Amino acid sequence: MTHTHPHTHGHGDHGHDHDHDHNEPHPPQRDHDAGPMGVYEVMEEAVRLLLLEKGVLTDAEIATQIDLMDSRSPALGAKVVARAWADAAFKQRLLADCRTALAELQIDIGQIAEFKVVENTPQTHNVIVCTLCSCYPKLLLGIPPAWYKSLGYRSRTVVDPRGVLAEFGVKIPKSQEVRVHDSTADLRYIVLPMRPKGTERMSEPQLAALVSRDAMIGTALPSVPRKT
Amino acid sequence: MTSRTPRYKSGDPVRVDDRDVAGHCRAPWYLRGHTGVVVEELGNFRDPERLAYLRPGLPRQILYKVRFKQTDLWPDYVGPARDHLEADITENWLEPVVPARRKANAS
Amino acid sequence: MRKTKTRGGAQGRAVHDVGGLDFGAIDRTEHDLALWEKRVDAMMILLYSKKGLWTVDAMRRTIEDYGEQTYDKTEYYEKWMRAMRNLLVEQEVLGKSEIEAKMAEVAERHRKAGRKVPSHKVAWA
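Bear in mind that the values here come from a model prediction, so they are computed numbers and not experimental data.

Colleague: Any chance you could break down the interface of chain C and chain B for me, citing the residues and the numbers?
Modeller: Listed by partner, the interface residues are 20 residues for chain C and 17 residues for chain B. In this assembly, chain C packs against chain B so that about 1300 Å² is buried in total across both faces, 54% of it on carbon and sulfur atoms. By the criterion of area lost to chain B, the three top residues of chain C are D17, D57 and R61 of chain C, representing 33% of everything that side buries. The interface formed by chain C and chain B contains 1 salt bridge. Measuring nitrogen to oxygen at the nearest pair gives 4.0 Å for the salt bridge that ties D17 of chain C to R32 of chain B. Where chain C packs against chain B, one counts 5 residue pairs in polar contact (both at pLDDT 80 or more). No other element matches helix α2 (residues 56-64) of chain C, which puts 5 residues into the side of chain C that touches chain B. For the side of chain C that touches chain B, the class distribution of residues is 4 nonpolar, 8 polar and 8 charged.

Okay, structure coming up:
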């Protein structure tokens, strides 16, 4: 994950000026609390304070929920992929019943949606999109990247998947089917990438390191291990 | 909740209804009126069109994974004919496709 | 940028239903979420799943009711925040005037602390 200034997101009102106050003394707050506020940031604070005052939510509930989401990440998904590559029986269970297979790894996907894993093969490359909103397996992979939620990705992936994949640097040969999954209902999709050749002797943690978030969305392929 | 018998099974050709709706729905515009094939029955779920207005979402809707040929969806699709798109569509948005009756060979 | 039929809401393609349109190149810039965005994510999920105040589809319906201009110009968690505000009023958990009063109070406090705070309001829709 690239780490950039948090103020590059979410403030349509005032532009994206990173350098707004670099010559001014910072107040004694965390860096990102010093910049200009967006109107929705003001709204968040106001609504949160009202909900706390009225006892609808507590600070502890909000903190626990943020911690839960922070505990879900592409690294967790990569661990699942590595297990599926290393253990054929687990892979079959994962494809047949994702919820139960993830529970074996102590991953609880909650009650909001079901998860489904689609497997890449030499014949088929899968790619996931949600044209209607931004459905995503958040309780495995964490918060989706901004581009997954963008109008560009949502509009174009269904009509020109090969063009979109090429923009991500993935060229799929015409001999291989591209299969787009539009997450229109209660299922959240995860791509199981193909295990790269030359990885037969790798441990699960080594395998997991080859699997990026985008490989589990279908907009990337796993890294190919370097010859040693 | 009594479970209903699915109307469609894997392999059945189905068409996505082409109706307009005033409120929330989950059948995307670009699929309406298009024909695909059921590839999986995914179980039954509360109806999003009712849940959106805080009604109980009943009757529950059977959900199907429907596969469409990309070249059927987009007249100017640039990829090969083997490319597909799959979407999850509730039964109330699907209608059966009766295979077109072969015309008799009479001239 | 939107090609094909424009989105009209009640008749035709709805504002959020963008599959097959062309919004041009995909901006792949990445950034960590700001704390306020994480809080919006957390509060929204708590309010519909744990507190049962509404449903995921009610949140979607609220966002889908934004006009095309608002829909296209707002960021993801801005959409969520606006939906949360609107649903809290719809479900009579909070009142419009108390939200506006609290927003004015929050804005004033941050202004006094030296932050720039916008003075415009977000329409009730």
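Once you've had a look at it, read on.
Colleague: Please provide a residue-by-residue account of the layout of surface pockets, values included.
Modeller: Reported here for the second largest pocket is a volume of approximately 590 Å³. As for the second largest pocket, its lining consists of 30 residues, and the residues nearest its centre are I112 and D186 of chain A, L51 of chain B together with V56 and D57 of chain C. When residues of the lining of the second largest pocket are traced back to their parent elements, those giving at least two are α1 (48-51), β3 (61-69) and β4 (84-90) of chain B together with α1 (35-50) and α2 of chain C. Partitioned by chemical class, the residues of the lining of the second largest pocket number 13 nonpolar, 6 polar and 11 charged.

Colleague: So, the packing of helix α1 (residues 39-53) of chain A against helix α4 (residues 76-90) of chain C: which residues are in play, and what are the values?
Modeller: Viewed as axis vectors pointing N to C, α1 of chain A and α4 of chain C meet at an angle of 40°, and their least axial separation amounts to 10 Å. Classed by the angle they form, the pair α1 of chain A and α4 of chain C counts as oblique. Taken as a pair, α1 of chain A and α4 of chain C cross one another with a handedness that is left-handed. Within the contact between the two elements, α1 of chain A uses Y40, M43, E44, V47 and L51 of chain A and α4 of chain C uses E78, M81, R82, M84, R85 and L88 of chain C. Per-class residue counts for the contact of α1 of chain A with α4 of chain C are 7 nonpolar, no polar and 4 charged.

Colleague: Quick rundown of the nonpolar core? Include the residues and the values.
Modeller: The biggest cluster of nonpolar side chains holds 79 residues, and the ones touching the most others in it are L94, L102, L140 and Y153 of chain A together with L31 and L85 of chain B. Considering every element that reaches this core, the biggest residue donor is helix α3 (residues 74-86) of chain A, with 7 residues. With near-sequence residues (within four places) excluded, L102 of chain A lies in contact with V80, L94, I107, I109, F115 and L140 of chain A. One finds F23, W54, Y76 and L94 of chain C within the second-largest nonpolar core, a separate group that totals 52 residues.

Colleague: Describe the packing of aromatic side chains, listing the residues and the values that go with them.
Modeller: Tallied over the full model, the rule gives 11 aromatic pairs over all chains. Relative to F168 of chain A, the ring of W147 of chain A lies with its centre 4.6 Å away and its plane at 65°, an arrangement referred to as edge-to-face. Placement of the pair is W147 of chain A in the loop between α6 (138-141) and α7 (151-156) and F168 of chain A in the loop between α8 (161-167) and β3 (177-182), with a sequence separation of 21 residues. The residues W147 of chain A and F168 of chain A share a single accessibility class, namely buried. Arranged with centres 5.0 Å apart and planes meeting at 90°, the rings of Y76 of chain C and Y77 of chain C form a pair that is edge-to-face. Here the aromatic residues Y136, W147, Y148, Y153 and F168 of chain A are joined through ring pairs into a cluster of three or more.

Colleague: Describe the sheet that holds strand β5 (residues 94-96) of chain B, listing the residues and the values that go with them.
Modeller: With respect to topology, 7 strands assemble into an open sheet ordered β2(A)-β3(A)-β4(B)-β3(B)-β2(B)-β1(B)-β5(B), the strand pairing being mixed. What marks the edges here is a single partner per strand, and that holds for β2 (124-129) of chain A together with β5 of chain B. Neighbour to neighbour, the strand axes of the sheet diverge by 35° on average, direction disregarded.

Colleague: So what about the pairing of strand β4 (residues 187-192) of chain A? Which residues, and what values?
Modeller: Looking along a regular strand, one sees the side chains alternate between the two faces of the sheet. Residue and element names in this part refer to chain A. Counting buried positions over the 6 residues of β4 gives 6, a clear majority of the element. Burial of the side chains of β4 extends over both faces: L187, Y189 and V191 are buried on one face and R188, I190 and L192 on the other. Sheet topology places strand β1 (residues 114-119) next to β4; 6 bridges connect them, and they run parallel. Among the inter-strand pairings, V118 is bridged to a residue of β4, identified as V191.

Colleague: A description of the environment of K69 of chain B should follow, citing residues and the corresponding values.
Modeller: All names here are of chain B. Counting through the fold element by element, K69 comes out in strand β3. In the structure, K69 is positioned 15 residues away from H84 in sequence and 4.7 Å away in space, judged by C-alpha atoms. Discounting chain neighbours no more than four positions away, the residues touching K69 are A81, D83 and H84.

Colleague: Can you tell me about the pattern of salt bridges, naming the residues and giving the values?
Modeller: Tallied over the entire structure, the rule returns 34 salt bridges over all chains. For the salt bridge of R93 of chain A with E104 of chain A, the shortest nitrogen-to-oxygen distance reads 2.6 Å. With R93 of chain A in helix α4 (residues 88-96) and E104 of chain A in helix α5 (residues 98-104), the pair connects residues that are 11 residues apart, well separated along the chain. The partly exposed category is assigned to R93 of chain A, whose relative accessible area is 38%. Residue R162 of chain A is joined to D83 of chain B by a salt bridge in which the shortest nitrogen-to-oxygen separation is 2.7 Å. Pair noted here: R162 of chain A is in helix α8 and D83 of chain B is in the loop between α2 (70-73) and β4, and the two residues belong to different chains. With respect to class, R162 of chain A is no different from D83 of chain B; both count as buried.

Colleague: Before we move on, could you go through the side chain of Q61 of chain B and cite the residues and values that matter?
Modeller: Relative to the elements of secondary structure, Q61 of chain B occurs in strand β3. There is a polar contact of 3.1 Å between the side chain of Q61 of chain B and the backbone nitrogen of N92 of chain B.

Cut-offs and rules
- Residues numbered from 1 in each chain as written.
- Chains lettered and ligands numbered in written order.
- Predicted model: local features only at pLDDT ≥ 70, side-chain atom pairs only at ≥ 80, totals over all residues.
- Heavy atoms only, no water.
- Contact = heavy atoms within 4.5 Å.
- Buried area = accessible area lost by both parts, 1.4 Å probe.
- Salt bridge = Lys/Arg side-chain N within 4 Å of Asp/Glu carboxyl O.
- Polar contact = N/O pair within 3.5 Å; in protein donor to acceptor, adjacent residues only side chain to side chain.
- Helix = DSSP H or I, 4+ residues; strand = E, 2+ residues; numbered from the N terminus.
- Nonpolar A, V, L, I, M, F, W, Y, C, P; charged D, E, K, R; others polar.
- 1 Å grid on protein atoms, 1.4 Å probe; cavity = no way out; pocket = protein on both sides within 12 Å on 5 of 7 lines; lining within 4 Å.
- Points joined across faces, edges and corners; volume = space filled by probe spheres on them.
- Axes fitted to C-alpha atoms, helices over the stretch in contact; angles between N-to-C directions.
- Parallel < 35°, antiparallel > 145°, perpendicular 65-115°, else oblique.
- Left-handed = near helix turned anticlockwise from the far one by under 90°.
- Core = buried A, V, L, I, M, F, W, Y, C linked by side-chain atoms within 4.5 Å.
- Buried < 20%, exposed > 50% of the residue type's maximum accessible area, 1.4 Å probe, protein only.
- Phe/Tyr/Trp six-rings, centres within 6.5 Å; stacked < 30°, edge-to-face > 60°.
- Pairing = 2+ DSSP bridges.

Purely geometric stuff here, so don't read any function into it on its own.
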